[in-house]
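Here are the chains, one letter per residue:
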Amino acid sequence: MKLSIVVPCYNEEAALPVFLSAVTPIVQSTGLDYEIVFVDDGSRDATVATIVGLSCLYPQVRLVELSRNFGKEAAMTAGFTYATGDAIIPMDCDLQDPPELIPDMIEKWKAGFKVVHAVRRSRHTDTWLKRTTAGAFYRMMEDITDVAIPSNCGDYRLMDRAVVNAILSFPERNRFMKGIMAAAGFKAAQIEYDRPERAAGETKFNFWKLWNFALDGITGFSTVPLRVWTYIGAIVALFSFAYAGWIITKTMVWGVVTPGFATLTSVILFLGGIQLIGIGVLGEYIGRIVAETKRRPLFLVGALHGFEDRNVGPTVVPLETASAARGTL
Ligand code: UDP
Ligand code: MG
C-alpha cells in the first residue's frame, strides 16, 4: 500500500523546509510506502530550486513543474495525475493542514472509507470578512446546487485511488474541486481539527481570487442563477401591468397629467439595471462555455523531477497535456 501526498506550491520557498520536516516523520510512522508529489504552480521565487535541493535529503520527493501559474485547482489535478499511491492526500504546504491528522485518516481509510474529510472545528483563525462570506457562500450553495458540498472543509482530505480516478475522469476545465468531490460521491468519513495560522510566507488568495473562485463554484454546479431571470421578469411584468392599469385609470379619472419625469426616469433606470444584471449572469455562463469548448489542457508540464523510475523518459519532459501524461504513467 502506498500513500501519495500532493502539495501544490506557489511561491512557497520559505514554507517548504518546515513542511517536509513536519510531514516526513508522521508519514514514516504510518509504516506505509509513500511519495510526496510537489506541484510547482509557476512560482517566481526559488520554490523549484528548494524542492530539487530538498529531494537529496528526502528521496521520496517528486516534483511536477508546471509551465506557468495555472491556479491551485489545476495544480492539484496535475498532482493527482502523477501520483501513484493507493491513497492520496492533497495538502497545502504552509502547514495549515495539520499533518498530525494523517494517521487518523489512514485508520479510517483502512476501515473502509473511500474519502476522509478534514473538517474545521471553527474558523476563528480567519478574518471576520472571510468567515461571514464563506458562511454565506456555503449556505447559498446548499440552496442552489443538487450536490451536498460540505462547509468548513478545504481541500485537505484522504482519497482512495478509486476516488482520484473518478475525479480525474471529470472532463470539465472548471476544476471547482469541492463540487467535483461532492458530485463524485463515495463513502466518506470526517475528522475534525483546528486550523492553525500559516507556518511561513503569506496567503496567495486575495479577495478577487476568492470571488472568482466562488463564481466558478456557483456556475459550475448550479443553473439557478440563469433560470431565476424568468421569475424576476415575470414579477417585474406583473408590477408593470398593475402600474399601467393604475396610470390608465388615473388618466381617465383626472385627465392627462404631464409631470412624471421622475417616475419615468427611475423606472427606466431600474429596468435597465435589472437587464444588465441578467446579461451579466448570462455572460458568466457563456464565458465559461467558451473556456470549456476550447478544450485547452488543464495544465502543462514544463519539467519533471524524481520520476526517473517511472519510465517517463528524461528528467526534463517536453510540454505535454494532462491526458498525454496519464497515458504514459
Ligand atoms: N497555491 C497554488 N497556486 C496558486 C495559489 C496557491 O498552488 O495560484 C497553493 C499554495 O502554495 C498553498 C495552497 O495553494 O500550498 C493554499 O494557498 P494559501 O495558503 O495561500 O491559501 P489560504 O490557506 O490562505 O486559503
Ligand atoms: Mg494557507
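The rules behind these values
Residues numbered from 1 in each chain as written. Chains lettered and ligands numbered in written order. Predicted model: local features only at pLDDT ≥ 70, side-chain atom pairs only at ≥ 80, totals over all residues. Heavy atoms only, no water. Helix = DSSP H or I, 4+ residues; strand = E, 2+ residues; numbered from the N terminus. Rg over C-alpha atoms; globule rule 2.2 N^0.38 Å. Contact = heavy atoms within 4.5 Å. Areas by Shrake-Rupley, 256 points an atom, 1.4 Å probe, with all protein chains shown as cover. Lys, Arg positive; Asp, Glu negative; His and termini not counted. Charge placed at Lys NZ, Arg CZ, Asp CG, Glu CD. Buried < 20%, exposed > 50% of the residue type's maximum accessible area, 1.4 Å probe, protein only. Pairing = 2+ DSSP bridges. Axes fitted to C-alpha atoms, helices over the stretch in contact; angles between N-to-C directions. Donors = N, O, S within 2.8 Å, 3.2 Å for Na, K, Ca; no water. Parallel < 35°, antiparallel > 145°, perpendicular 65-115°, else oblique. Left-handed = near helix turned anticlockwise from the far one by under 90°. Near = heavy atom within 4 Å. Polar contact = N/O pair within 3.5 Å; in protein donor to acceptor, adjacent residues only side chain to side chain. Disulfide = S-S within 2.5 Å. Core = buried A, V, L, I, M, F, W, Y, C linked by side-chain atoms within 4.5 Å.

Quick look at the overall build of the protein
Across its full length, the protein holds eleven helices and eight strands. For a compact globule of 329 residues, the expected C-alpha radius of gyration is about 20 Å, and the protein comes in at 25 Å, more than 25% above that figure. Here the analysis covers contacts within the protein between residues at least 6 apart in sequence; of these, 80% occur between residues at least 24 apart. Approximately 17000 Å² of the protein is accessible, and the part contributed by carbon and sulfur atoms is 64%. Separation of charge centres in the protein, based on 32 positive and 33 negative side chains, amounts to 6 Å.

Some remarks on unusual backbone geometry
Despite not being glycine, Leu 95 shows a phi value in the positive range, around 65°. On the secondary structure map, Leu 95 appears in the loop between strand S4 (87-90) and helix H4 (102-110). Residue classification places Leu 95 among the buried residues on the basis of a relative accessible area of 14%.

Examining the sheet that holds strand S5 (residues 115-120)
Taken together, eight strands build an open sheet; the order of strands is S7-S5-S6-S4-S1-S2-S3-S8 and the sheet is mixed. Looking at strand neighbours, the two that pair on one side only are strand S7 (188-193) and strand S8 (301-305), the edges of this open sheet. With direction set aside, neighbouring strand axes in the sheet form an average angle of 20°.

Re the coordination of the magnesium ion (ligand 2)
Those protein atoms acting as donors to the magnesium ion (ligand 2) are Asp 94 (OD) and Gln 96 (OE1), and they sit at 1.9 Å. For the residue pair Asp 94 and Gln 96, the accessibility class agrees, reading buried in each case.

Describing the packing of helix H3 (residues 72-82) against helix H6 (residues 161-168)
Look at H3 against H6: their axes get within 10 Å of each other, and the N-to-C directions meet at 125°. With respect to each other, H3 and H6 are oriented oblique. Our pair here, H3 against H6, has a crossing hand that is left-handed. Along the contact surface, H3 presents Thr 77, Phe 80 and Thr 81, while H6 presents Val 164, Ile 167 and Leu 168.

Description of the environment of Glu 142
By the secondary structure assignment, Glu 142 is in helix H5 (residues 128-144). In the structure, Glu 142 is positioned 144 residues away from Ile 286 in sequence and 23 Å away in space, judged by C-alpha atoms.

Thoughts on the site of ligand 1
By nearness alone, 19 residues border ligand 1, and Glu 12, Asp 41, Asp 94, Thr 203 and Lys 204 come closest of all. Here an oxygen atom of ligand 1 sits 3.2 Å away from a polar atom, N or O, in the side chain of Asn 69. Against a free-state accessible area of 530 Å², the protein chains account for coverage of 93% of ligand 1.

A closer look at the state of the cysteines
Structurally, a disulfide amounts to a covalent bond that connects the sulfur atoms of two cysteines. All chains considered together, the criterion is met by zero disulfides. Free of any disulfide, Cys 93 has its nearest cysteine sulfur in Cys 9, 3.9 Å distant. Take Cys 93: its relative accessible area is 1%, and that puts it in the buried class.

Some words on the pairing of strand S6 (residues 153-160)
Burial analysis of S6 places seven of its eight residues in the buried class, the great majority of the element. Taken together, the two bridges between S4 and S6 define a ladder with antiparallel strand orientation. Looking across to S6, one finds that Ile 88 is bridged to Met 159. Alignment of S5 against S6, held across four bridges, turns out to be antiparallel. Residue pairing in the sheet places Val 115 in a bridge with Met 159 of S6.

Observations regarding the nonpolar core
In terms of nonpolar packing, the biggest core is built from 38 residues, with Val 64, Leu 66, Phe 80 and Phe 299 touching the most fellow members. Counting residues per element, this core draws most heavily on H3, at six residues. Not counting residues within four places of it along the chain, the set of residues in contact with Val 64 comprises Val 37, Phe 38, Val 39, Asp 40, Tyr 82, Val 301, Ala 303, Leu 304 and Phe 307. With 37 residues, the next largest nonpolar core counts Tyr 34, Ile 106, Trp 109 and Ala 200 among its residues.

Details of the environment of Phe 221
Relative to the helices and strands, Phe 221 resides in helix H8 (residues 207-221). For Phe 221, a relative accessible area of 15% corresponds to the buried category. As for Phe 221 and Gly 255, which are separated by 34 residues in sequence, their C-alpha atoms are 54 Å apart. When sequence neighbours within four positions are dropped, the list of residues in contact with Phe 221 reads Ile 144, Thr 145, Val 147, Glu 172, Phe 176, Gly 179, Ile 180 and Ala 183.

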